[in-house]
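This is what each chain is made of:
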Amino acid sequence: MATPVAPVLDADNTRVGVSGAIYVGESTATPPADAEAATTGYKGLGYISEDGVEETLDKSIDKLKAWQNASVVRTVTTEAALSYKFTMVEETADTVGLYYNTTVDTVTGKVVIDPGASAGVKQFIIDVIDGDELIRATFKGEVGETEAIKYASGELVGYGVTVNVIGPVTKYYTALIA
C-alpha cells in the first residue's frame, strides 16, 4: 500500500475580507478591464455592515438514472443563479435609491416608494481587499430581495439588499497573477 502524501499547505494563500468597496453604475457603464483599473462611471455605496458581502451560488441538479440498477449515469444543471447580499449603512441618495429601486430628489430629499417598481439592471463592482491582495467581481445585476429596516437606539440603520446577477460574473484575483 502506498504511503499517502500530504498536500503542500501555504497560509499565504488564505484570504480574509478585511475591507472592500461596492460600486454601482448604469447598465451601460463599462466594467474595469482588470483588478487595478479605475471605476470610472460608478458610484461607491459607502460603508457596508460588519457582516460584509455574502456571495451565493445556487444550483439545482437533476440526477439522470439508468434503467438498470437505478444507477445515476449523468447529472444535468436545471437551474443556476448567483447573488450578492450586503447591507449598506451609509444613508446617501445612491444607497436609499438602490434599496427602494427609485430616484431620490436631492433638492428636497423626497423619495417616492412604489413597492412593485424595478430600477432595472445595473452594473456592479465588488472589491474585497486583504492587504495587497484584491478580489474584484464585475457583473450586471438587479436588486431582488430587501431586508427589513430597523430603527432602534444604539443600532445603525441598514439598507440590506440581495443583488441577483444577470449574465456572467468576471472576477479578478491579484493573488493568482503569476
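What you see is a predicted model; the values in this text were computed from it and never measured. The residue numbering used here restarts from 1 in each chain and proceeds along that chain's sequence as written. In keeping with the model being predicted, local features are shown solely for residues with a pLDDT of at least 70 and side-chain atom pairs are shown and tallied solely at 80 or more, while totals for entire chains, interfaces and linings include all residues. With hydrogens and water excluded, all non-hydrogen atoms of the structure serve as input to the side-chain values.

Take the sheet that holds strand β5 (residues 122–130) next. Whether two strands pair comes down to DSSP finding at least two bridges between them. Helix and strand labels come from DSSP, where a helix needs a run of H or I of at least four residues and a strand needs a run of E of at least two; each type is numbered from the N terminus. Read from one edge to the other, the open sheet built from seven strands follows the order β2-β1-β5-β6-β7-β4-β3, with strand pairing classed as antiparallel. Each end of this open sheet is capped by a strand with a single partner; those strands are β2 (43–44) and β3 (54–65). As paired elements, strand β4 (residues 72–88) and strand β7 (residues 159–173) share six bridges and run antiparallel to each other. What sits directly across from Lys 85, in β7, is Thr 162.

Next up on the list: the nonpolar core. Buried Ala, Val, Leu, Ile, Met, Phe, Trp, Tyr and Cys residues that are joined via side-chain atoms within 4.5 Å together make up what is termed a nonpolar core. Under the scheme applied here, a residue whose accessible area is under 20% of the maximum for its type counts as buried, over 50% as exposed, and between as partly exposed, the area being computed with a 1.4 Å probe on protein chains only. If you look at the biggest cluster of nonpolar residues, it comprises 21 residues, and the most contacted ones within it are Leu 45, Tyr 84, Phe 86, Met 88, Phe 139, Val 161 and Val 163. Not counting residues within four places of it along the chain, the set of residues in contact with Met 88 comprises Leu 45, Tyr 47, Ile 48, Thr 95, Leu 98, Tyr 99, Val 157, Gly 158, Tyr 159 and Val 161. In what follows, a contact means two residues having at least one pair of non-hydrogen atoms within 4.5 Å.

Within the fold, Val 161 resides in strand β7. Residue Val 161 is classed as buried on the basis of its relative accessible area of 1%. Discounting residues that sit within four places of it in the chain, Val 161 has contacts with Tyr 84, Lys 85, Phe 86, Met 88, Tyr 99, Val 143, Glu 145 and Thr 146.

By the secondary structure assignment, Ser 83 is in strand β4. Excluding its chain neighbours within four sequence positions, the residues that come into contact with Ser 83 are Glu 54, Glu 55, Thr 56, Thr 162, Val 163, Asn 164 and Val 165.

Quick look at the layout of surface pockets now. Method remark: on a 1 Å grid restricted to protein atoms, a set of points is classed as a cavity if a 1.4 Å probe fits but cannot get out and as a pocket if it is open with protein on both sides within 12 Å along at least five of seven lines; lining residues have an atom within 4 Å of a point. Grid points are joined across faces, edges and corners, and a volume is the space filled by probe spheres set on the points. Its boundaries defined by the atoms lining it, the largest pocket holds a volume of some 490 Å³. Gly 17, Ser 19, Gly 20, Gly 52 and Val 53 are, among the 23 residues lining the largest pocket, the residues nearest its centre. Looking at the lining of the largest pocket, the elements that each hand over two or more residues are β1 (19–26), β5 and β6 (133–146). No other element matches β1, which puts four residues into the lining of the largest pocket. Residues belonging to the lining of the largest pocket are distributed by class as follows: 12 nonpolar, six polar and five charged. There is about 330 Å³ of room inside the second largest pocket. What lines the second largest pocket is a set of 16 residues, among which Glu 26, Lys 43, Ala 93, Asp 94 and Lys 122 lie closest to the centre. Elements represented by at least two residues in the lining of the second largest pocket include exactly β1 and α1 (93–100). In terms of residue count, α1 provides more of the lining of the second largest pocket than any other element does, four residues in total. When residues are sorted by character, Ala, Val, Leu, Ile, Met, Phe, Trp, Tyr, Cys and Pro go into the nonpolar class, Asp, Glu, Lys and Arg into the charged class, and all the rest, Gly among them, into the polar class. Grouping the constituent residues of the lining of the second largest pocket by class yields five nonpolar, seven polar and four charged.

Moving on: the pairing of β5. When β1 meets β5, the two strands line up antiparallel, connected through eight bridges. Its bridge partner lying in β5, Glu 26 is registered against Lys 122. The turn joining β5 and β6, which pair antiparallel and follow one another in sequence, is formed by two residues; a positive phi near 65° is taken by Gly 131.

A word on unusual backbone geometry. It is generally the case that most residues other than glycine have a negative phi and that most peptide bonds are trans. Positioned with a positive phi, Ala 70 is a non-glycine residue whose angle comes to about 55°. Looking at the element boundaries, Ala 70 is found in the loop between β3 and β4. Phi is positive for Asn 101, close to 55°, though the residue is something other than glycine. Structurally, Asn 101 can be placed in the loop between α1 and β5. Among the residues examined, Asn 101 registers a relative accessible area of 17% and is labelled buried.

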